[in-house]
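Spelled out from the first residue to the last, the chains are:
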Amino acid sequence: MLSCASKSCVIKKSHLPIDIVVPFLLFRAMPYLMLCMLSGFFLLASPKAYALSNISMTADVIQYDDVTLSQAKVTIDLNGNDQAVVDANTLEYGTARLDNAHILLDLKANTTLLIQARQIVTPQFDARNPNIYLDYRSTNPQPSLTFNAEIKPITDTQWATFKLNCLIPAQKKTDTWHCVDGLYHGERVNIPFTIDFLPQPKGVEASIQFTQASFSDVSGLHAGEKLTGKVMLSAQQVQSIWHWKGVFNWQEGELFWQPFYFGKAGNTFDIAGTYQSPMLTVEKANLQINGVGNLSASADINLKTKAFNAIRVDAREVDFAGLYQTFIQPMAQKSVFGNLKVSGRADWHFEVKDLQPQNFELNIENANIEDENGKFGFTNLNAHIPWDYNGPKQIFLAYERGHLLKLPLGITHLSAEVNRYSIVTPQLRLPVLDGALQFKDVSAAWIGNGMVWHLQMKLEPISMNSFSKALGWPEMNGKIDGQIPLVTYANKQLNMDGQMQFNMFKGMIAMSDLRIDNPIGVGPKLFANLTMRDIDLGDLTRTFNFGSIEGKLEGDVKDLRLENWKPVHMDAIVQTADGKHTKKVSQRAVENITALGGEGTAAALQRTFLRFFKEFNYEKMGLSCQLRQDICKMGGVESTPSGFVIVKGKGAPSVNVNGFTQYVSWKDLLARIQRITDGNTKAIVD
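In this report, we go over the structure that sits alongside the text. Residue numbers here run from 1 along each chain, matching the order of that chain's written sequence. Local features in a predicted model are, by the rule used here, given only for residues with pLDDT of at least 70; side-chain atom pairs are given and counted only at 80 or more, and totals for whole chains, interfaces and linings are based on all residues. Hydrogens and water are ignored here; the side-chain numbers use all heavy atoms of the structure.

1. Concerning helix H3 (residues 464-471)
Move 1: Accessibility here uses a 1.4 Å probe with only protein chains present; expressed as a share of the type maximum, an area under 20% marks a residue as buried, one over 50% as exposed, and anything in between as partly exposed. Strands here are runs of E lasting at least two residues and helices are runs of H or I lasting at least four, both read from the DSSP assignment and numbered beginning at the N terminus. Buried within H3 we find Met 464, Phe 467, Ser 468 and Ala 470. Buried residues in H3, looked at end-on, bunch into an arc of 160 degrees, giving them a common side.
Move 2: For H3, the elements touching its buried residues are strand S26 (407-409), strand S30 (450-463), strand S31 (479-490) and strand S33 (499-504). The arc under discussion is defined with respect to the helix axis, by the directions toward the C-beta atoms. Contacts are residue-level and defined by heavy atoms, with any inter-residue pair within 4.5 Å sufficient.

2. Things to note about the pairing of strand S2 (residues 54-64)
Move 1: One ladder, built from 10 bridges, connects S2 with strand S3 (residues 67-77); its direction is antiparallel. Paired with Met 57 across the bridge in S3 is Val 74.
Move 2: Think of it this way: DSSP has to see at least two bridges between two strands before they count as a pair. Counting the residues between successive antiparallel strands, the hairpin from S2 to S3 contains 2 residues, one of them, Asp 65, with a positive phi of roughly 50 degrees.

3. Some points on the packing of aromatic side chains
Move 1: The criterion for an aromatic pair is that two Phe, Tyr or Trp rings (for Trp, the six-membered ring) have centres within 6.5 Å, with stacked assigned to planes under 30 degrees apart, edge-to-face to planes over 60 apart and tilted to the rest. Counted under the stated rule, the structure contains 10 aromatic pairs.
Move 2: Only when the NZ atom of a Lys or the CZ atom of an Arg is both within 6 Å of the ring centre and within 35 degrees of the ring normal do we say a charge sits over the ring. Directly above the ring of Trp 159 sits Lys 152, whose terminal nitrogen or CZ lies 5.4 Å from the centroid.
Move 3: Between Arg 420 and the ring centre of Tyr 389, over which it is positioned, the NZ or CZ distance is 3.8 Å.

4. Points about a nonpolar patch on the surface
Move 1: For patch detection, residues must exceed 30% relative accessible area and be free of salt bridges, and they are connected within 9 Å for like charges or within 5 Å for nonpolar side chains (Val, Leu, Ile, Met, Phe, Trp, Tyr). Note on areas: these come from Shrake-Rupley sampling with a 1.4 Å probe, and a residue is covered only by the protein chains present in the view. Take a side-chain nitrogen of Lys or Arg and a carboxyl oxygen of Asp or Glu: if they are within 4 Å of each other, that pair is a salt bridge. On the surface, a nonpolar cluster with roughly 260 Å² of combined accessible area is contributed by Leu 404, Leu 405 and Trp 565.
Move 2: Counting through the fold element by element, Leu 404 comes out in strand S25 (residues 401-404).

5. Focus: the state of the cysteines
A disulfide bridge is the covalent bond that connects two cysteines by way of their sulfur atoms.
Move 1: Pairs of cysteine sulfur atoms within 2.5 Å are what we label disulfides. In this structure the tally under the stated criterion is 2 disulfides.
Move 2: A sulfur-sulfur distance of 2.0 Å marks the disulfide that ties Cys 166 to Cys 179. Linking Cys 166 and Cys 179, the disulfide has an S-S dihedral of approximately 105 degrees and is accordingly described as right-handed. Of this pair, Cys 166 sits in strand S10 (residues 160-167) while Cys 179 is found in strand S11 (residues 177-185), placing the two residues 13 residues apart along the sequence. For the pair formed by Cys 166 and Cys 179, the shared burial category is buried.
Move 3: A disulfide bridge connects Cys 625 with Cys 632, and the sulfur atoms are separated by 1.9 Å.
Move 4: Taking only the cysteines that form disulfides and numbering them from first to last, the protein has the pattern 1-2, 3-4.

6. Some details on the environment of Ala 416
Move 1: With respect to the element layout, Ala 416 can be found in strand S27 (residues 412-419).
Move 2: Overall, Ala 416 belongs to the buried group, its relative accessible area being 9%.
Move 3: For the pair formed by Ala 416 and Ile 395, sequence separation is 21 residues and the distance between their alpha carbons is 5.5 Å.
Move 4: Apart from residues lying up to four places away in sequence, Ala 416 is in contact with Lys 393, Gln 394, Ile 395, Ile 423, Val 424 and Thr 425.

7. Thoughts on the environment of Arg 628
Move 1: Here Arg 628 is to be found in strand S40 (residues 615-628).
Move 2: For the pair Arg 628 and Trp 666, spaced 38 residues apart in sequence, the C-alpha to C-alpha distance is 9.2 Å.
Move 3: Those residues within four positions of Arg 628 in sequence are excluded, and the remaining contacts are Val 568, His 569, Met 570 and Asp 571.
Move 4: Contacts described as polar in this section are N or O atom pairs within 3.5 Å, which, within protein, must combine one atom able to donate a hydrogen with one able to accept it, while residues neighboring in sequence count only if both atoms come from side chains. A distance of 3.1 Å separates the side chain of Arg 628 from the side chain of Asp 571, its partner in a polar contact.

8. Some details on the pattern of salt bridges
Move 1: Counted by the stated rule, this structure contains 21 salt bridges.
Move 2: When the shortest N-O distance is used, the salt bridge between Arg 97 and Asp 99 registers 2.7 Å.
Move 3: With a closest N to O distance of 2.6 Å, Arg 312 and Glu 351 form a salt bridge. Of the two residues, Arg 312 sits in strand S20 (residues 307-319) while Glu 351 sits in strand S21 (residues 340-353), which places them 39 residues apart along the sequence.
Move 4: A relative accessible area of 37% means that Arg 312 is categorised as partly exposed.
Move 5: Here the salt bridges share partners, and the residues they tie into one network are Arg 312, Asp 314, Arg 316, Asp 347 and Glu 351.

9. Concerning unusual backbone geometry
Move 1: Cis geometry marks the peptide bond from Ser 277 to Pro 278, where omega comes out at 0 degrees.
Move 2: Looking at where Pro 278 falls in the secondary structure, it is placed in the loop between strand S17 (267-276) and strand S18 (279-289).
Move 3: With a phi angle near 55 degrees, Lys 226 is a residue other than glycine that sits in the positive phi range.
Move 4: Considering the arrangement of structural elements, one finds Lys 226 in strand S14 (residues 222-238).
Move 5: Phi is positive for Gln 239, close to 55 degrees, though the residue is something other than glycine.

Put into structure tokens, the structure is as follows:
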């Protein structure tokens, strides 16, 4: 055995034919290592020397081109195996490092090379137990390079199996490499693939085909199933700038990328740009989405700071339904816009610079929007909504008809001025039924993380008949009008300053202390107090087909609370007003009042002479409800040992109506009112 050792061994670049990346560089280095060791052998050998079994050399450092081996030992087997073995503590090539590298070279025909290591470390990924095998035997139709290892991204904790077999072309630097049987397989990923790549003097071109691929992440926010498609990439360095482009063609499968779900295949994404550290410029990015349309974008990204310095997005003539289902609905699931049925066409454009929005434009054409929960809807909606950071813009919106909380809306044209983060208009008119809502001094602004606004409102006279029908209430007659002095909205809360007053039934109904939490979100809550004064009972009862009652009505509803627009709390009382005015009630009205809160009175009328009277005098009448969730505690104008008095008679003829059921479900009470107004209670006299 002969050994030669040195502190370092530098091998200059050669021109041998095998010229491939890391393993091939080592392959080229072997003849020089052999020459070094054989020279030492002949210099030291003597005629009496014994036959040699192997030759070895150790060195602190061995360098060849960009390859550096540290603490290396080279051994040549002379026992007939004709093999060279290189063991090194580390093998470094560029930014990659192989630890505990073991290299086996077949010297018989200089045809095979095997590289093994404990791990490969790079800035982007780790590989453990790698096997790199080069097969140049003449018995094979084409040389091949095989790579097997367990790999993972440097930031991940899960390892995956990676393997790839590449056929080596005759002209390695100019011909296409064809790599087959590729597989990336782990606990949450399985991607079979093939690669064709063409080396360039200062770049590369590659085409990756994947079939029935699947993946998911631990958080469940990203997943793909049965994905089949192709990715084509190319990059070329011109001076210090890299020019790159890529195309992703998705042919089959489903993709979920929180919050977006792409259930339809047939999508194409092509992108191109430049890179000069640290700036990545996306000159164009076109996304063709099946069922939506074409979206294009450009951006400047600082990879060092992760900042998007400039972004531009355009979408032209896209399908509004596909756009909503794919992009808008996933982000609006918990808002009032999370369950819409839409149609029509739309296009939009926006620009962002230095993380600040610069301009925006949204155009909607012939769209129909319908909330599946029935809160609102618009037909044939057209809108032009521009915005610019540096100057004011005029916005416009129109629709043929619509509805808001079941109230029909007529043909409407709205316009306003938007100036940076505020919007103002002196007046807006929103047709409702046969009247309209007039808004004055409308002003809104985006401050911090929320919207604030204020306005004044006036209600032009609306038919109570159409208003009550629209809301599914008992049919009413007459007109309703009113005004609101000032409404403000901030921090997802709507407040009314002053008193909102409506004139109806020759009297007045007012609302005060109005507050609505989260009015356009999920689960809105309303708080208010109501006051009724001088309501003409004759007009009211004729409107409701209730039977005739003469007199004046007053009432108060205190601490009213609605949750999701349904009453859950209030202290309410309605009663006749004192004063010198006619106080009479018809027999039919008595029967209907009985149906609301009493039992037996109507039957008693039929069994006595009172059945011959059309109407009765009364002193006072009233009904109260203390509502807590769905239970209403009923009361009247007086209490009795067994209940309460709803109608207290006076003079002759007169009649008393008592209530005996003190606690009743709010749903049942509404059902009683509905039965009365539907005419289910038989009319005796009117």
